[in-house]
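Close look at the chain arrangement
Letter by letter, the chains look like this.
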Amino acid sequence: MSGKSLFEKVWEDHLVVPESGDNPAVFFIDLHLIHEVTTPQAFNLLRERGLKVRRPDLTLATMDHSTPTVPVSRLGDLEVVAEPEAAKQIRAMIENCREFGIDLHGFDSEHRGIVHVIGPELGATQPGKTIVCGDSHSSTHGAFGALAFGIGSTEVGHVLATQTLLQRKPKTMAVNINGTLPDGVGAKDIILALIGKIGVDGGVGHVIEYRGDAIRALNMEQRMTVCNMTIEGGARAGMIAPDDTTIEYLAGRPMVPQGADWDAAVERWLSLPSDPDAHFDKVVDLDVSNLAPMVTFGTNPGMVVPVTDSIPADSGDLSFGKALNYMGLKAGQPMLGTPVDVVFVGSCTNSRMTDLRQTAELLKGRKVASNVRMLVVPGSQSVKQRAEAEGLHDIITAAGAEWRESGCSMCLGMNGDVVPAGKLCVSTSNRNFEGRQGVGARTVLASPATAVAAAVAGSIADPRALLTH
Amino acid sequence: MEKITRIESATVVLPMTDIDTDQIMPARYLTTTNKEGLGEAAFADWRYDKSGKPVADFPLNQPGAADSQVLVAGNNFGCGSSREHAPWGLVDFGFRAVISTQIADIFRNNALKNGLVPVIVDGEIHGWLLDNPGAQVAVDVVERTLTLPDGRSVEFPLDGFSRTCLLEGVDQLGYLLARDEQITRFEQQRTWQP
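Residues numbered from 1 in each chain as written. Chains lettered and ligands numbered in written order. Predicted model: local features only at pLDDT ≥ 70, side-chain atom pairs only at ≥ 80, totals over all residues.

**Points about the overall build of chain A**
Along the backbone of chain A there are 17 helices and 19 strands. Taken over C-alpha atoms, the radius of gyration comes to 21 Å for chain A, in line with the 23 Å a tight globule of 469 residues would show. For chain A, the spread of C-alpha atoms along the three principal axes comes to 60 × 55 × 45 Å. Across the 469 residues in chain A, those meeting the buried criterion constitute 61%. Expressed as a percentage of contacts within chain A between residues at least 6 apart in sequence, the contacts between residues at least 24 apart total 75%. (Helix = DSSP H or I, 4+ residues; strand = E, 2+ residues; numbered from the N terminus. Rg over C-alpha atoms; globule rule 2.2 N^0.38 Å. Buried ≥ 20, exposed ≤ 12 C-beta atoms within 10 Å, placed from the backbone. Contact = placed C-beta atoms within 7 Å.)

Below, the structure is given as structure tokens:
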């Protein structure tokens, strides 16, 4: 009998009814994050059936996907600055939260922001919790040792009504990441390299646990970047065992337990890491000692190369050819020097203080190239406020970049922040799918450092060159 | 949700691998607050040109596609975003089953809640289906089988619970609501409170 993994400990702690024969487990959810895009149909379901929200106290609501990133000081502004359909959806969210008794971090809240940024920021995200959201990047919260995954709107309705979900136990995958990261290479490069290695379907059916000294060396924001893109490797959830870094991050946050409850919680959290003899269904190793900054060249995150490499030779695969054709790139072409039109720093992947500090540090004393529009969008209003207190916005705007209100923004272009057709955007977001940032838009995924290097050079460039400046 | 026991239909084939839910349902259509009418928007950026005219050689625009209930797609169909608008759009278009060698986890979950049967087949059967668009196939939910025109019949994985939900046309919320007492007991008896 082998020991238990972090995942198994959290899984077993939330079984209201275990799996049996044909029937899936009834699985309890500790934190339900909701936003305006994937909830209207779920609230409709509750209304149709005359149901209440079972645990408004375990429901954290905000607006992020279709919200404008220009200032909205009062709701009346919405019709002016937002798309009509988006404005309607935002109003529906406000109305639904009011009707069902859920506190909403709306335009008047200093805590509004991307749902995967504010959960951790408020301390609502905690080790050992089960966390879901109608958003696939819910995997972000796994950085704290929570079991967190994305669900569809029907399941959002299930959680609103019952605080439970029907679940089958997934398989587990250990991803051991070791070595010391070279300068100029970061968490984003780790996860891009991993997806390149396992493929965009490598994790289907599995929950990943990220382990190893390279993971231990990351701060919480960097760990969130890694866990965030777990879904891009096909796995719904990615977890990192809680340690002193986790506890230090959470201490003093508004929604964590207080006093003696805090001590008890810390003791429980530190008992969660996988037992030494825990079994995993699959094991993957990645050494990052010689890792280079990574950039994508195609239309999924698995189509990725070191920035100094060329695009691989044409494999003859239908999707490969279609991707390069869409991107306006050729097999065998070097990535360095590819002209860039737009640079986006933001999204639930890379919009936290670590990312903005690095962006400002590298932009300091430099200018965004004249052919490039650069947009920097903080992950939350609270991140924005902290960044401004440190003067980061002054450096960013002095370099010629735009500094915005928080939101998902140009990651998926739902709020009017779009990349024009045929234009190439180096983006710190998570998806380079066709049309993701706007119809016909071309996306190159990269770290904040690589994004800055591209903005300054006006073409894809190696961020390591900026370090010696 | 309508009951689904057996689907007999000609296939529509999209051979690309890793078709993500941003292709199935682009983000600009997610501002809707209901589920209806999304069939028009399914694969919008592949289906229509810049002026909004149908792209002539796109499979969903071929004669007969509108009557098809079975979509055959390349490996790892439905990856990416959790948007349930993707299966809503496919079902609204008329599809009742999707066949591939692998279907992404969240998409699969969402599909099963909307009467869209996810059918996983091996590489050989998949290859034949990709090579023969428009083939008349049968997806039998009772038997959990896919039958090809030449009579070959293969089983596909479908857990008993999901199968029952498809056959009876029920969603799972009723099942969860009936567990109310157990949920209350769990909430009261757990050793820590979230």
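Don't stop here, the text continues.
**Notes on the overall build of chain B**
Secondary structure summary: chain B contains 8 helices and 7 strands in total. Taken against the 2.2 N^0.38 rule, which gives 16 Å for 194 residues, the C-alpha radius of gyration of chain B at 18 Å falls within 12% of a compact globule. Seen through its C-alpha atoms, chain B measures out along the principal axes to roughly 60 × 45 × 25 Å. Expressed as a percentage of the 194 residues in chain B, the buried residues total 46%.

**What to know about the sheet that holds strand 2 (residues 70-73) of chain B**
Residue and element names in this part refer to chain B. The strand order across the open sheet built from 7 strands is 4-3-2-1-5-6-7, with neighbouring strands paired in mixed fashion. Edge positions in the open sheet fall to strand 4 (117-120) and strand 7 (153-155), since each of these has one partner strand only. Recorded for the sheet is a direction-independent mean angle of 30° between the axes of neighbouring strands. Both strand 5 (residues 136-140) and strand 6 (residues 145-147) contribute to a ladder of 3 bridges, which runs antiparallel. Among the inter-strand pairings, Ala138 is bridged to a residue of strand 6, identified as Thr147. (Pairing = 2+ DSSP bridges. Axes fitted to C-alpha atoms, helices over the stretch in contact; angles between N-to-C directions.)

**Points about the domain arrangement of chain A**
Residue and element names in this part refer to chain A. Along its sequence, chain A is organised into domain 1 (6-167), domain 2 (171-243 + 268-287) and domain 3 (294-467). The centre of domain 1, based on its C-alpha atoms, is set 28 Å off from the matching centre of domain 3. In this assembly, 22 residues from domain 1 lie in contact with 21 residues from domain 3. For the side of domain 1 that touches domain 3, the element with the most residues is helix 5 (residues 115-122), which contributes 4 residues. A breakdown of the residues in the side of domain 1 that touches domain 3 according to their chemical character gives 8 nonpolar, 9 polar and 5 charged. (Domains from an automatic or database assignment. Nonpolar A, V, L, I, M, F, W, Y, C, P; charged D, E, K, R; others polar.)

**Notes on the nonpolar core**
If you look at the biggest cluster of nonpolar residues, it comprises 203 residues, and the most contacted ones within it are Ile190, Val295, Val343, Ala401, Ala454 and Ala455 of chain A together with Val98 of chain B. Setting aside its immediate chain neighbours within four residues, Val295 of chain A contacts Val304, Val305, Val307, Met335, Val444, Ala446, Thr450 and Ile460 of chain A. (Core = buried A, V, L, I, M, F, W, Y, C linked by C-beta atoms within 7 Å.)

**Topic: helix 12 (residues 318-327) of chain A**
Residues and elements named next belong to chain A. Within helix 12 the residues assigned to the buried category are Phe320, Ala323, Leu324 and Met327. One face of helix 12 carries all of its buried residues, which in axial projection span an arc of 95°. As for helix 12, its buried residues are in contact with strand 19 (442-445). Backbone geometry just after helix 12 places Gly328 at a positive phi near 70°. (Arc of directions from axis to C-beta.)

**A look at the pairing of strand 4 (residues 59-62) of chain A**
Residues and elements named next belong to chain A. Because side chains alternate across strand 4, one face comprises the buried residues Thr59 and Ala61, and the other comprises Leu60 and Thr62, equally buried. Taken together, the 3 bridges between strand 3 (residues 31-34) and strand 4 define a ladder with parallel strand orientation. In the sheet register, Ile34 faces strand 4, and the bridge partner there is Ala61.

**Focus on the interface of chain B and chain A**
One frequently used descriptor of interface size is the decrease in accessible area upon assembly of the parts. In this complex, chain B contributes 46 residues to the contact, which on the side of chain A involves 58 residues. Put simply, the parts of the chain that give the side of chain B that touches chain A at least two residues each are helix 1 (21-24), helix 4 (105-112), helix 6 (160-168), helix 7 (173-177) and helix 8 (180-189) of chain B. Examining the composition of the side of chain B that touches chain A, we find that 4 residues originate from one element, helix 4 of chain B, more than from any other. Residue composition of the side of chain B that touches chain A, grouped by class: 16 nonpolar, 17 polar and 13 charged.

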